[in-house]
Amino acid sequence: MTTPGRHNPRFTGYDVLARAGTWDAATSGVVLSRTAVQPGLRFFTLAEEAVARPLFDHLLAQWDDPRVPVLQMVDARLAEMQTDGWRFADMPEDDEAWRRSLAGLDDDARALHGAPFGGLARERQAALVRAVRDTGSARWHGMPAGHVWGLWTRYTATAFYSHPWAWNEIGFGGPAYPRGYVRLGLGLREPWEVADQHPVDPVTDSEQVGGSRSAGAERVGTTGHRAAPLRGLAAAARAAAGTLRLTAAPTGRIRDRNASAWLLPRDDRRFDHSLIDGMRRHEDDDEVDLVVIGCGAGGATLTQRMARHGWSVVCLEAGPFWDPDTDWVSDEAGSHHLYWTEPRVVSGTDPVPLGANNSGRGVGGSTTHFAGYAPRFHPSDFATLSGDGVGADWPLRYADLRASYERLEQELPVAGQYWPWGDPHPYPHAPHPVGGNGEVFLRGAAALGIGARVGPVAITNGRFGNRPHCVYRGFCLQGCKVNAKASTLITHVPDALAHGAEIRADCMVTGIELDAQGRLATGVRYLREGRERFQRARAVAVAGYSVETPRLLLNSACRRFPEGLCNDFDLVGRYVMVQGAPQTSGRFAEEVRAYKAPPPEVSSEDFYETDPAKPYKRGFSVQTVSPLPVVWAEHVAAQGHWGEDLRTYMRDYVHWATLGALCELLPLPDNRVTLSQEKDRYGLPVAHFSYSQCDNDRMLIRAAQTVMEDVLRAAGATEVITINRYAHLVGGCRMAAGPKSGVVDADLRTFAVPNLLVTDGSVLPTQGSANPALTIMALVDRAAARLAAGARSGLRAPAGAPR
């Protein structure tokens, strides 16, 4: 047993804190605070501490001092209510769940042994803890035991594996900004990293091999419906020529339509605050041409486009205006504030945790912490009902978005190899070098004859304007402090500000107002600094994403729309989708060190389309994902591992490679957002999201898991484990040909209120097997051009513009 901070037999001599002098000030402050003397407890009572302290020791096998101060770190989170916001409908809020579960554990100890939990021998304590895990989905002290177990392991794993002592134990490189990594690939290490002194798999070469690793999924096979490969020298030459043409193209045309990359500072700062200080500001009584609600992928793109067209635009964002230098850190636990953590309730037979991978907060929205993966949808995605008999047909076609895809790929910009799937096309930046995780995927795919390509990622490969090259630090999901990864905060907001848009941060919109006839939107109600205000506008665009947008419309009920704004046909909040996103990890003899390079490196869309030989419709894509220690600990804990078993797996961290699938789960009407009886701190009913899978969804997820396991085994994995999860919310205000089948039309205008638009992922009728950010932005690019051209019948033009 290793003692944190003292001994490290796997990585002898390694001390991540020796590199603290190379970290940026914001990250250093967060990480080093964990090594300081911790404050006294503020949440747990003395009685609760007597249960929590030994419970945490068992969950993490911490028996000797000095201990990682998990108790104090969990206590601080709960005292400050730094929860993930969402909760299962059959669970109380996290703080109450902790109090009830600790009391329940103590009650069990007294009932079985006549003594409090803290007073029992270690073996009896362990048996009581194990009993909670083994109870599974059954109820324990009024709560589902599985949810209680998830609560315990989520909080404790986050605390323990965010501490430098734990990083030493697993060989993790820690924060890597501004230094970054240069030695990518299997078995490669930076000069300051230390080789694993005991690289033999501690599980498969021991009696623990019979543990709770992934059960063998039904073997569906790795032969799928493949894209036609590029054949012959002529085809290869055309692909190379297309890539070279885009890579070598001058950037002047891009700058003429979006100068954001050139408006960023040339020095060590990540944002030019003079753009904010000099921002045009409107009074609430000013009737602006457009008010946009939300500043993420859709809202920021629309704001920039319409400001360029000369419209007066105010964008209201519930979160802050981020400063990457001071607000973002290269640290998992320290990035909690980037996510939407306002209360939400989830239910259904397959409830969806609304965590960091599908909710954003602040200027830039979810794009500040998305992985940067930016594929296009396929032409088939726009007609799945006609082509495959499932899902829905869009009221537009792929060809309607092709030019928008191309423009945005240049503006972000996107780097990757020539893409042979869907509508084959090149990318404007060459592919990035591949790390160990990508090498594993390429090796396994080649062994099975599966096509795989490097990219596409919205990450600069070379300088772009004043944005630098990626430094391969692996913290894309925590906000890119380098400015290499695209987020609308840096790709569209600077140009929007320079062209007169106002972005009003820390403003929570509470309702949309209509005129007396209920015919047109007149503006929005919002809260700022504790005061309710009203911003007048000639047009309104909602871009709050697939939970908050339906919630806002439902909370904006009025005499004309008593069941919620634009909800004449009970469609607001329906057909919300998530992608099935199982992640499968394989253990390799080589050191993979997957934390180097962007998480999405290599991808395959060989299984994207419907294969008539399979029992399910539609398909999935596969890409590399590279979980950092906290998320990897959650993966391991999800297999049922805890205590010493968890620590054993985690000490093997540098040997694991991980693949993730994106499965196209089908749109179903009962997967929906409604209003809960619970209210938030603003007095508004919170969102209740109910989600259940259908049989097609389940078959598709099993097939994706099988493919990923086969790829990893073909690459040489000695063991594989899989965690089932979700990603990428879309739907809830779907686009359709008419009001009886959707909320908005092809131009993103609501059918019911002609000057009210929805410009986010909630409009997607289907979701494909691709990350949605690029498609959301492409839809908004197209809609903005048509809006500016006056092509939207019935929509009021801005003041002074031709009617």
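Scroll up a little and you will see the structure.
As a starting point, this report considers the structure included with it.

About the thresholds
- Residues numbered from 1 in each chain as written.
- Predicted model: local features only at pLDDT ≥ 70, side-chain atom pairs only at ≥ 80, totals over all residues.
- Heavy atoms only, no water.
- Helix = DSSP H or I, 4+ residues; strand = E, 2+ residues; numbered from the N terminus.
- Rg over C-alpha atoms; globule rule 2.2 N^0.38 Å.
- Buried < 20%, exposed > 50% of the residue type's maximum accessible area, 1.4 Å probe, protein only.
- Contact = heavy atoms within 4.5 Å.
- Areas by Shrake-Rupley, 256 points an atom, 1.4 Å probe, with all protein chains shown as cover.
- Pairing = 2+ DSSP bridges.
- Axes fitted to C-alpha atoms, helices over the stretch in contact; angles between N-to-C directions.
- Phe/Tyr/Trp six-rings, centres within 6.5 Å; stacked < 30°, edge-to-face > 60°.
- Left-handed = near helix turned anticlockwise from the far one by under 90°.
- Nonpolar A, V, L, I, M, F, W, Y, C, P; charged D, E, K, R; others polar.
- Parallel < 35°, antiparallel > 145°, perpendicular 65-115°, else oblique.
- Expected span 1.5 Å × (residues − 1).
- Core = buried A, V, L, I, M, F, W, Y, C linked by side-chain atoms within 4.5 Å.
- Salt bridge = Lys/Arg side-chain N within 4 Å of Asp/Glu carboxyl O.
- Polar contact = N/O pair within 3.5 Å; in protein donor to acceptor, adjacent residues only side chain to side chain.

## Section: the overall build of the protein chain
In step 1: Of the regular secondary structure elements, the protein chain holds 23 helices and 22 strands.
In step 2: The C-alpha radius of gyration computed for the protein chain amounts to 26 Å, which stays within 12% of the reference 28 Å derived for 803 residues, consistent with globular compactness.
In step 3: Counting every position in the protein chain, which comprises 803 residues, the buried fraction comes to 64%.
In step 4: In the protein chain, of all internal contacts separated by at least 6 residues, the share reaching a separation of at least 24 is 76%.
In step 5: Working note: accessible area of the protein chain is about 27800 Å², and carbon and sulfur atoms make up 51% of it.

## Details of the sheet that holds strand E9 (residues 508-514)
What holds strands together in a sheet is hydrogen bonding between their backbones, with the strands either parallel or antiparallel.
In step 1: With antiparallel pairing, the three strands of this open sheet are ordered in space as E9-E10-E11. The sheet terminates laterally at E9 and strand E11 (531-536), the two strands that pair on one side only. Between one strand and the next, the sheet's axes are offset by a mean angle of 25°, whatever the strand orientation.
In step 2: By the bridge criterion, six bridges tie strand E10 (residues 521-528) to E11 in an arrangement that is antiparallel. Directly across from Leu527, in E11, lies its bridge partner Glu532.

## Some remarks on the packing of aromatic side chains
In step 1: Going through the model one piece at a time under the given rule, you end up with 30 aromatic pairs.
In step 2: The interplanar angle of 75° and the centroid separation of 6.3 Å between the aromatic rings of Phe44 and Trp98 together place this pair among those described as edge-to-face. Pair noted here: Phe44 is in the loop between helix H1 (25-32) and helix H2 (46-60) and Trp98 is in helix H4 (residues 94-113), with a separation of 54 residues, a long-range link. Assigned by exposure class, Phe44 and Trp98 land together as buried.
In step 3: When the centroid spacing of 6.3 Å and the interplanar angle of 70° are considered together, the rings of Trp419 and Tyr427 count as edge-to-face. Just as Trp419 is buried, Tyr427 falls in that class too.

## Points about the packing of H2 against helix H3 (residues 70-79)
To describe two helices that pack against each other, one gives the angle between their axes and the distance between the axes.
In step 1: Between H2 and H3, the least distance of the axes is 10 Å, while the angle of their chain directions is 120°. The handedness of the crossing between H2 and H3 comes out as right-handed. Taken together, the residues of H3 that come into contact with H2 (itself represented by Glu49, Ala52, Arg53, Phe56 and Leu60) are Val70, Leu71 and Val74.
In step 2: Split by residue class, the contact of H2 with H3 holds six nonpolar, no polar and two charged.

## Quick look at the packing of H2 against H4
In step 1: In the contact formed by H2 and H4, the axes pass within 9 Å of each other and the chain directions differ by 85°. Relative to H4, H2 is oriented roughly perpendicular. When H2 is examined against H4, the residues Glu48, Val51, Ala52, Leu55 and Phe56 are found in contact with a partner set consisting of Trp98, Arg99, Leu102, Leu105 and Asp106.

## A word on the pairing of strand E19 (residues 685-690)
In step 1: Bridging between strand E6 (residues 344-347) and E19 involves four bridges; their strand directions are parallel. By the bridge assignment for E19, Ser347 is matched with Ser690.
In step 2: Here five bridges tie strand E18 (residues 672-679) to E19, and the two strands are oriented antiparallel to one another. What sits directly across from Thr674, in E19, is His688.
In step 3: The hairpin turn running from E18 into E19, its antiparallel successor, is five residues long, and Gly683 in that turn takes a positive phi close to 85°.

## A look at the sheet that holds E6
In step 1: Strand order in the open sheet formed by four strands is E1-E6-E19-E18, with mixed pairing between adjacent strands. Either end of the sheet is taken by a strand with one partner, and the two such strands are strand E1 (86-88) and E18. Ignoring strand direction, the axes of neighbouring strands in this sheet form an average angle of 30°.
In step 2: Against the sheet, helix H19 (residues 545-555) makes contact with E6, E18 and E19, and its axis sits at roughly 65° relative to E18, the strand it touches most.

## Some details on helix H23 (residues 773-788)
In step 1: When the terminal C-alpha atoms of H23 are compared, their 22 Å separation across 16 residues agrees well with the 22 Å that a helix rising 1.5 Å per residue should span.
In step 2: Taken across its 16 residues, H23 has 13 buried, putting it largely inside the fold.
In step 3: Just beyond H23, the residue with positive phi is Gly790, at close to 75°.

## Topic: the pairing of strand E14 (residues 583-587)
In step 1: Judged by how many residues are buried, E14 sits mostly within the fold: five of five residues are covered.
In step 2: The two faces of E14 match: Gln583, Ser585 and Arg587 on one face and Thr584 and Gly586 on the other face are all buried.
In step 3: Alignment of E14 against strand E17 (residues 656-663), held across five bridges, turns out to be antiparallel. Each residue of the ladder has a partner; that of Gly586, found in E17, is Ala657.

## Things to note about the nonpolar core
In step 1: Of all hydrophobic cores here, the largest spans 225 residues; its most connected members are Leu55, Phe56, Trp98, Trp152, Phe321, Ile512 and Phe620.
In step 2: Not counting residues up to four positions away in its chain, the partners in contact with Trp98 are Phe43, Leu55, Phe56, Val74, Leu78, Leu151, Trp152 and Tyr155.

## A few points about the pattern of salt bridges
In step 1: Inspection of the entire model under this criterion finds 58 salt bridges.
In step 2: Linking Glu190 and Lys596 is a salt bridge whose minimum nitrogen-to-oxygen distance equals 3.1 Å. Linking Glu190 in the loop between helix H7 (164-170) and helix H8 (232-248) with Lys596 in the loop between E14 and strand E15 (602-604), this pair joins segments that are 406 residues apart in sequence. Across the pair, exposure class does not vary: Glu190 and Lys596 are buried alike.
In step 3: Among the salt bridges present, the one from Arg538 reaches Glu287, with a minimum N-O distance of 3.5 Å. In this pair, Arg538 is assigned in the loop between E11 and strand E12 (540-542) and Glu287 in the loop between helix H11 (273-277) and strand E4 (290-293), connecting sequence segments 251 residues apart.
In step 4: Glu287 sits in the partly exposed class, given a relative accessible area of 34%.
In step 5: Connected through salt bridges with shared partners, the residues Arg189, Glu190, Glu193, Glu591, Arg593 and Lys596 form a single ionic network.

## Things to note about the side chain of Ser676
In step 1: In this fold, Ser676 is placed in strand E18.
In step 2: Residue classification places Ser676 among the buried positions, given a relative accessible area of 13%.
In step 3: Among the polar contacts listed, one links the side chain of Ser676 to the backbone nitrogen of Glu678, at a separation of 2.9 Å.
In step 4: Sequence-distant contacts of Ser676, that is, excluding residues within four places in its chain, are made with Val345, Pro685, Val686 and His688.

## Re the environment of Ala736
In step 1: Within the secondary structure, Ala736 sits in the loop between strand E21 (726-730) and strand E22 (756-758).
In step 2: Overall, Ala736 belongs to the buried group, its relative accessible area being 6%.
In step 3: Taking the C-alpha atoms as reference points, Ala736 and Pro413, 323 residues apart in sequence, are found 30 Å from one another.
In step 4: For Ala736, the contacting residues outside a window of four places in its chain are Pro395, Ser741, Gly742, Val744, Asp745, Ala746 and Phe751.

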